[in-house]
Amino acid sequence: MREVIQAPAVLEGSPVPPGDKSISHRALLLNSIARRRATVSNLCVGDDRASILRCLRGLGVRIEHHIAHPWDYSTDNFVVHGVGPDGFSEPSTVLNAGNSATTFRLVSGLLATQPFFSVISGDPSLRERPMDRIVSPLMKMGATIMGRGGDCLPPLAIRGGNIHGVRHKLAVASAQVKSSLLIAGLLAEGETVIEQPALSRDHTERMLAAMGADVEVDGLTITVRRSELNPLDVQVPGDMSSTAFWLVAAASHPNACIRVKHVGINPSRTGVLDVLAAMGARIHKENVRADGSEPTADLVAESSDLRATEIAGDMIPRVIDELPVLALAACFARGTTTIRDAGELRVKESDRITATANGLNRLGARIEELEDGMSIRGVGGLTGAESESYGDHRIAMTMGVAGLLAKGETTVIDSEAADVSYPGFWDTLRSLQGTTRAAS
């Protein structure tokens, strides 16, 4: 598909982002390990949701989907019938994680605890993503794992069970790797201690604690011991990574005001708000409240006079998914913005450093690739052109927002890539620009 976008004179509206993907995955998986049923509402949408549901159902978990209003995914309810730590079934076929690295890593942590043989794989993109950061510690815990490329490339064949806790120091701050090991440690003998080099998303620790797990957090060190989980009903807050596109759109547009309701504002996820605040973005919170273990709020963003900043070091794990759209904001900022220590971007669904630079430079940006980031000189404006999504949902959406800000027409090729995490993205974008023109 191809989406054609033009910048509107006024940008306004109240978009409803899908449920937070990270919280959705954990709510489904951890409630599967519990012994009774729980309800998860406002689950994330798209291919990633299908991936985690497919894998858990492949392990014998019954998950019912109740749809209140077909046109409003926020009213969906999923009832998870937890099987307990020893109630999973050996899968009769390969578990397919699709394009979801979160599904792959979290489910692999669970498989390492199970006394049966399983194979987990994904789409061609995921099969080229090294998994050594989970394979090595899970094997230290006692799981047998085989894969391609020295046992670190999917598909992975896993025979688990009878694993023991370990002390492991993460080489890179990663919520997915940390969560994989926490899930394994939850069902291992002894205690598992994970040392982080920097803070990363803490949804797993929060949810484990809310479900009664024996988990302790001491600064950058997390300890988990074998525990029984209680089921937990979860209303998933709106996804901050999806919300970031609308915040950047409003802050960068000359005449804009956008309100996004019920967004998760977990401190480990608000790095994008901190970066945009450092850039001078006018964003404020309303109706701050707590829903279960996660804080939420309504976010209001308005046209802003942006200035350059530096994004590096401990901030990177907190904004890793938002860096492409933050690079777009930097195109409208005074001065030169530098992104460093973000080499992980090169091994996402695409090489997001190259994809972001190539895509925005086609619209007149001045972005220089660095080995581990980008240097973005503010140009004050962009001009519409044809751009690629590289099959990457975040690149597709970044280029879509660029079209809201650029003069003339911007065409995004293979725009359906956005469906991986935000199936309603293009309809929402058109609603903000006051047009209903369909994609070609």
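Data block above holds the structure.
As a starting point, this report considers the structure included with it.

Scoring rules and cut-offs
- Residues numbered from 1 in each chain as written.
- Predicted model: local features only at pLDDT ≥ 70, side-chain atom pairs only at ≥ 80, totals over all residues.
- Heavy atoms only, no water.
- Helix = DSSP H or I, 4+ residues; strand = E, 2+ residues; numbered from the N terminus.
- Rg over C-alpha atoms; globule rule 2.2 N^0.38 Å.
- Buried < 20%, exposed > 50% of the residue type's maximum accessible area, 1.4 Å probe, protein only.
- Contact = heavy atoms within 4.5 Å.
- Areas by Shrake-Rupley, 256 points an atom, 1.4 Å probe, with all protein chains shown as cover.
- Lys, Arg positive; Asp, Glu negative; His and termini not counted.
- Charge placed at Lys NZ, Arg CZ, Asp CG, Glu CD.
- Pairing = 2+ DSSP bridges.
- Axes fitted to C-alpha atoms, helices over the stretch in contact; angles between N-to-C directions.
- Phe/Tyr/Trp six-rings, centres within 6.5 Å; stacked < 30°, edge-to-face > 60°.
- 1 Å grid on protein atoms, 1.4 Å probe; cavity = no way out; pocket = protein on both sides within 12 Å on 5 of 7 lines; lining within 4 Å.
- Points joined across faces, edges and corners; volume = space filled by probe spheres on them.
- Nonpolar A, V, L, I, M, F, W, Y, C, P; charged D, E, K, R; others polar.
- Core = buried A, V, L, I, M, F, W, Y, C linked by side-chain atoms within 4.5 Å.

### A few points about the overall build of the chain
When you go through the chain residue by residue, the secondary structure sums to 14 helices and 23 strands. For 440 residues, the compact-globule formula gives about 22 Å, and the C-alpha radius of gyration of the chain, at 21 Å, lands near that figure. Dimensions of the chain, computed from C-alpha atoms along their principal axes, come out at roughly 60 × 45 × 40 Å. By the burial criterion, 59% of the 440 residues in the chain qualify as buried. Sequence-distant contacts in the chain: of pairs separated by 6 or more residues, those separated by 24 or more amount to 75%. In the structure as shown, the chain presents an accessible area of about 16100 Å², 48% of it carried by carbon and sulfur atoms. Separation of charge centres in the chain, based on 44 positive and 52 negative side chains, amounts to 1 Å.

### Details of the sheet that holds strand S1 (residues 2–6)
Strand order in the open sheet formed by 3 strands is S1-S23-S22, with mixed pairing between adjacent strands. Across the chains shown, the open sheet's two edge strands, defined by having one partner strand only, are S1 and strand S22 (386–388). Going across the sheet, the axis of each strand differs from the next one's by a mean of 25 degrees, ignoring polarity. Relative to strand S23 (residues 409–413), S1 runs antiparallel, the two being bridged by 5 bridges. Residue pairing for S23: Ile5 is matched across the bridge by Thr410.

### Some points on the packing of aromatic side chains
Across all of its chains, the model carries 5 aromatic pairs by this definition. Where Trp246 meets Tyr422, the ring centres are 6.2 Å apart and the plane angle is 80 degrees; that geometry is what we call edge-to-face. Of this pair, Trp246 sits in helix H8 (residues 240–252) while Tyr422 sits in the loop between S23 and helix H14 (425–432), and the two are 176 residues apart along the sequence. Trp246 sits in the buried class, given a relative accessible area of 0%. Taking relative accessible area as the criterion, Tyr422 reaches 0% and is therefore assigned buried. Judged by centre distance (5.0 Å) and plane angle (15 degrees), the rings of Trp246 and Phe425 are stacked. Separated by 179 residues along the polypeptide, Trp246 in helix H8 and Phe425 in helix H14 bring together distant segments of the chain. For the residue pair Trp246 and Phe425, the accessibility class agrees, reading buried in each case. Through a chain of ring-to-ring contacts, three or more aromatic side chains come together here, namely Phe245, Trp246, Tyr422, Phe425 and Trp426.

### Description of empty space enclosed by the protein
Using the criterion set out here, one finds 1 cavity of 30 Å³ or more in the structure. By volume, the largest cavity amounts to about 40 Å³. In terms of lining residues, the largest cavity is bounded by Pro18, Gly19, Lys21, Cys44, Val45, Asp239, Ser242, Arg394 and Ser421. Per-class residue counts for the lining of the largest cavity are 3 nonpolar, 3 polar and 3 charged.

### Description of the nonpolar core
Formed by 68 residues in total, the largest nonpolar core has its most connected members in Leu276, Leu323, Leu328, Ile339, Leu360, Leu382 and Phe425. What Leu328 contacts, discounting residues up to four positions off in sequence, is Val248, Leu360, Leu382, Thr398, Val401, Ala402 and Leu405. In terms of nonpolar packing, the next biggest core, distinct from the first, is built from 62 residues, Ala27, Val107, Ile145 and Leu156 among them.

### Digging into the sheet that holds strand S8 (residues 144–147)
Pairing is mixed in the open sheet, where 4 strands are placed in the order S6-S7-S9-S8. Bordering the open sheet on either side are strand S6 (95–96) and S8, each of which pairs with just one other strand. Docked against the sheet, helix H3 (residues 101–111) engages S6, strand S7 (117–121) and strand S9 (153–159), running at close to 175 degrees with respect to S7.

### Here we look at the pairing of strand S19 (residues 336–339)
Side-chain alternation along S19 places Thr337 and Ile339 on a buried face and Thr336 and Thr338 on a face that remains uncovered. Looking at chain direction, strand S18 (residues 310–311) and S19 are connected through 2 bridges and run parallel. Its bridge partner lying in S19, Glu310 is registered against Thr338.

### Re the layout of surface pockets
The computed volume of the largest pocket comes to approximately 530 Å³. Ser174, Ala175, Ile320, Glu344 and Lys348 are, among the 34 residues lining the largest pocket, the residues nearest its centre. Sorting the residues of the lining of the largest pocket by element identifies helix H1 (21–33), H3, helix H6 (175–186), helix H10 (316–319) and helix H13 (393–405) as the ones contributing at least two each. Considering only enclosed or pocket space, the second largest pocket measures out at about 240 Å³ in volume.

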